[in-house]
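Inside the fold
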Amino acid sequence: MSDSSASGRVPAGARLLVCGGAGFIGSCYVRDVLARRDGTRITVLDKLTYAGNRANLAPVEADPEQAARLAFVHGDIADPDVVDMLVAEADAVVDFAAESHVDRSILDASAFLVTGVIGVRVLLEAVRRQTEIARAGERRAPDGTPMGAPRFLQVSTDEVYGSVEEGTSREGDVLAPRSPYAAAKAAGDLLVGAYRATHDLDVLVTRGANTYGPYQHPEKLIALVTTNAIDDAEIPLYGDGLQRRDWLHVADHAAAIDFVLRHGEPGGVYNVPGGNERANRDVVAAVLARLGKPWALVRGVPDRPGHDRRYAMDGGRLADLGWRPTVDPSAGLDATVDWYRANQGWWRAVRDASWADYYARQYADRLAASRPAEGPG
Ligand code: NAD
Ligand code: TYD
């Protein structure tokens, strides 16, 4: 069953607070939940960092019925005033907000820690206060209806397990993050567990695999390769390109998060694998094949420091709960490449002056030291 309809522990018509809902996965979640037209109301709280983009919510805003059920608040999850006010009105909170790019965390980790540690703590404290009010029987919606304690779901990543040379990670495995990004995410997971143990909050964690699909910022591998190749620009491939990732389509990732929100056991941690493990070289080759572009664009560049060789998760717990991915990997990748080809206005606007600065900082020296990359077998 991959039913993500509104049911279970979060009823149809619920009021959701979606933090980071203008980013890649969060905006897909918002678009897909509102498109079900089941009465769900969503407030997005988003800081609109370089990765946040109101244009990602344009399909919702273009539909009056859906737009009426969406509110947007420009703010920071580390700001207790705005968070307290918004959590007070929510049946459930889904936290996508994060600095999400490993390479940027290597350049400067500070924002990763503020959002990933302080921000998550601020959200959990607000959930704790509302839980205490609900337990006292005093939690009420603006119209006076009694409200239960809010459910909180933290969106996390397979990167918290560290590099997995063989086998698959299970939810109970020791966390062994190796990048500042992954360490900040692991800290968030640990805080969620601590608030569960200490305050018995109704919390959940999902750990998703590498995600791809429409509206992904062009800093990430598949979006970067696609957009560079469309422009016949060089494609930087780190090291030998034989690092392995498990690719999950964004629609599946968003659906899994919604499924866990509605059906997960309180305190549960759920891996969300894609079931689609591939070497980076092969992913790059598949994008180029779809675009009809030559492998000669690919440049072997010096490796990312501390580069995790492989991520792979066991998805048995989520499958037992009743959810599996549905997007066919090849069709999903082809459709994603086609989306970038058809939506050049979206990503060309994202590639602004700050993108040019980042690109030069991240890639200028690497590309200067590059060599032709060995192709897939
Ligand atoms: P993204 O970078 O595209 O979006 C992040 C969003 O959070 C942006 O809209 C940004 O403006 C917002 N944000 C950042 N800091 C904030 C703050 N302090 N307060 C409020 N909003 C803030 O990221 P994404 O790829 O959509 O990832 C979403 C979540 O999923 C992250 O928590 C990430 O760790 C996790 N995740 C991502 C992947 C992936 O492959 N992209 C895989 C597994 C898990
Ligand atoms: P990325 O999309 O940054 O995701 P993550 O590091 O979170 O897995 O990278 C996916 C893989 O692609 C990873 O092994 C690093 C590699 N990669 C490159 O080879 N070149 C690039 O320019 C980028 C951005 C990533």
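What you see is a predicted model; the values in this text were computed from it and never measured.

Taken together, the neighbourhood of ligand 1 is formed by 29 residues, with Ile25, Asp46, Ser100, Tyr181 and Lys185 sitting nearest. Here a nitrogen atom of ligand 1 and a side-chain polar atom of Asp76 are 2.8 Å apart. Contact between ligand 1 and Tyr181: an oxygen atom at 2.6 Å from a side-chain N or O atom of the residue. Of all the secondary structure elements, the ones that give two or more residues to the shell around ligand 1 are α1 (24-35), β5 (151-157), α7 (180-199) and β7 (210-212). Broken down by element, the shell around ligand 1 gets its largest block of residues, three residues, from β5. Taken together, the residues of the shell around ligand 1 sort by class into twelve nonpolar, 13 polar and four charged.

Running from N to C, helix α10 (residues 280-291) and helix α12 (residues 329-342) point in directions that differ by 55 degrees, and their axes come no closer than 10 Å. In terms of their interaxial angle, α10 and α12 are classed as oblique. The two elements α10 and α12 cross, and the hand of that crossing is right-handed. Residues Val283, Ala286, Val287, Arg290 and Leu291 of α10 form the contact with α12, whose own contacting residues are Leu333, Asp334, Val337, Asp338 and Arg341.

Here we take up the pattern of salt bridges. Applying the stated rule across the entire model yields 30 salt bridges. Here Asp202 and Arg151 are joined by a salt bridge, their closest N and O atoms 2.9 Å apart. Of this pair, Asp202 sits in the loop between α7 and β6 (203-208) while Arg151 is found in strand β5, placing the two residues 51 residues apart along the sequence. Assessed through its relative accessible area of 2%, Arg151 is described here as buried. With a closest N to O distance of 2.7 Å, Asp189 and Arg207 form a salt bridge.

The subject of this paragraph is the site of ligand 2. In the vicinity of ligand 2, 19 residues are found, and the nearest of them are Glu159, Arg245, Arg304, His307 and Tyr363. Separating an oxygen atom of ligand 2 from a side-chain N or O atom of Glu159 is a distance of 2.5 Å. At 2.7 Å from an oxygen atom of ligand 2 is found a side-chain nitrogen or oxygen belonging to His307. The protein chains hide 98% of the 510 Å² of surface that ligand 2 would expose on its own. Of all the elements in the fold, those that place two or more residues in the shell around ligand 2 are α5 (102-107), α8 (221-230) and β8 (235-238). For the shell around ligand 2, the per-class residue count stands at eight nonpolar, five polar and six charged.

This brings us to the environment of Ala35. Topologically, Ala35 is positioned in helix α1. On the accessibility criterion, Ala35 (42% relative accessible area) is partly exposed. Residues Ala35 and Pro59, 24 residues apart in the sequence, show an inter-C-alpha distance of 9.5 Å.

So, about the packing of helix α4 (residues 80-87) against helix α6 (residues 110-135). Where α4 contacts α6, the two axes come as close as 9 Å, and the packing angle between them is 40 degrees. Classified by the interaxial angle, the pair formed by α4 and α6 is oblique. At the point where α4 passes α6, the crossing takes the right-handed sense. Contacts from Pro80, Val83, Asp84 and Val87 of α4 reach α6 at Val122, Leu123, Ala126, Val127, Arg129 and Gln130. Of the residues contributing to the contact of α4 with α6, the split by class is seven nonpolar, one polar and two charged.

Calculation notes
- Residues numbered from 1 in each chain as written.
- Chains lettered and ligands numbered in written order.
- Predicted model: local features only at pLDDT ≥ 70, side-chain atom pairs only at ≥ 80, totals over all residues.
- Heavy atoms only, no water.
- Near = heavy atom within 4 Å.
- Polar contact = N/O pair within 3.5 Å; in protein donor to acceptor, adjacent residues only side chain to side chain.
- Helix = DSSP H or I, 4+ residues; strand = E, 2+ residues; numbered from the N terminus.
- Nonpolar A, V, L, I, M, F, W, Y, C, P; charged D, E, K, R; others polar.
- Axes fitted to C-alpha atoms, helices over the stretch in contact; angles between N-to-C directions.
- Parallel < 35°, antiparallel > 145°, perpendicular 65-115°, else oblique.
- Left-handed = near helix turned anticlockwise from the far one by under 90°.
- Contact = heavy atoms within 4.5 Å.
- Salt bridge = Lys/Arg side-chain N within 4 Å of Asp/Glu carboxyl O.
- Buried < 20%, exposed > 50% of the residue type's maximum accessible area, 1.4 Å probe, protein only.
- Areas by Shrake-Rupley, 256 points an atom, 1.4 Å probe, with all protein chains shown as cover.

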